[in-house]
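If you want the building blocks of each chain, they are given just below.
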Amino acid sequence: ETTEAAPASKTWQKVGTTADLDKTGQLLVTKSPVGPVLVIGTSKAKNLIAVNPTCTHKGCTLAWKAKDKKLVCPCHQAEFGTDGEVKKGPAQNPLKTYVAKIEGKSVLVKP
Ligand code: FES
């Protein structure tokens, strides 16, 4: 009997280092094993936020507005909350979110 490893897309994936994250309070990885990921927070944060930053309208990459705690699309100004929910159209569908954690000096995410 063989034990198959869980597919890479279902397990924790390293997307960067705490040093990268702490530089600006966010970490954008356009190509990770789980797809595009934007991690928001710092290594000191209790809860890291991680979403797929691809706008569900037409696919532009969202920008994180720390002051307003929302993600804004540069293309047609759709807005999303940190839970991925649409706050303002034209986008209609929520963003995919990930679970994120820090382990040692690594930032890890999981679908
Ligand atoms: Fe984001 Fe149109 S692509 S609002």
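Residues numbered from 1 in each chain as written. Predicted model: local features only at pLDDT ≥ 70, side-chain atom pairs only at ≥ 80, totals over all residues. Heavy atoms only, no water.

Describe unusual backbone geometry, listing the residues and the values that go with them.
Between Gly89 and Pro90 the backbone carries a cis peptide bond, its omega angle lying at 10°. Among the secondary structure elements, Pro90 is positioned in the loop between strand 8 (86-88) and strand 9 (97-103). You will see that Gln77, though not glycine, has its phi angle at about 65°, which is positive. Of note, Gln77 is situated in the loop between strand 6 (70-72) and strand 7 (79-80). Owing to a relative accessible area of 39%, Gln77 belongs among the partly exposed residues under this scheme. (Helix = DSSP H or I, 4+ residues; strand = E, 2+ residues; numbered from the N terminus. Buried < 20%, exposed > 50% of the residue type's maximum accessible area, 1.4 Å probe, protein only.)

Before we move on, could you go through the sheet that holds strand 9 and cite the residues and values that matter?
If you walk across this open sheet you meet the six strands as 1-10-9-4-3-2, and the pairing is antiparallel. Either end of the sheet is taken by a strand with one partner, and the two such strands are strand 1 (13-17) and strand 2 (26-29). Going across the sheet, the axis of each strand differs from the next one's by a mean of 25°, ignoring polarity. Alignment of strand 4 (residues 49-51) against strand 9, held across two bridges, turns out to be antiparallel. Its bridge partner lying in strand 9, Ala50 is registered against Tyr98. (Pairing = 2+ DSSP bridges. Axes fitted to C-alpha atoms, helices over the stretch in contact; angles between N-to-C directions.)

So what's going on with the side chain of Glu79? Which residues, and what values?
Its location among the elements puts Glu79 in strand 7. At 3.0 Å, the side chain of Glu79 and the side chain of Lys70 are in polar contact. With sequence-adjacent residues up to four places away left out, Glu79 is seen in contact with Lys70, Leu71, Val72, Glu85, Val86, Lys87 and Lys88. (Polar contact = N/O pair within 3.5 Å; in protein donor to acceptor, adjacent residues only side chain to side chain. Contact = heavy atoms within 4.5 Å.)

Could you give me a rundown of the confidence of the model for the protein, with the residues and numbers involved?
Looking at the protein, the pLDDT average stands at 92 and 92% of residues meet or exceed 70. Across the interfaces of the predicted complex, the ipTM metric reaches 0.99, alongside a pTM of 0.89. (pLDDT = per-residue confidence, 0-100.)

Pulling in residues and values, what's your account of the state of the cysteines?
This structure, assessed with the given rule, holds one disulfide. Paired by a disulfide, Cys60 and Cys75 hold their sulfur atoms 1.8 Å apart. On the sign convention where negative is left-handed, the bridge of Cys60 and Cys75, at about -90° about the S-S bond, is left-handed. Taken together, the positions of Cys60 in the loop between strand 4 and strand 5 (63-65) and Cys75 in the loop between strand 6 and strand 7 put the pair 15 residues apart, joining distant regions of the chain. (Disulfide = S-S within 2.5 Å.)

So, the environment of Leu27: which residues are in play, and what are the values?
Here Leu27 lies in strand 2. Sequence separation between Leu27 and Leu38 is eleven residues; the distance between their C-alpha atoms is 5.6 Å. In contact with Leu27, not counting residues within four places along its chain, are Val15, Gly16, Asp20, Leu21, Val37, Leu38, Val39 and Val107.

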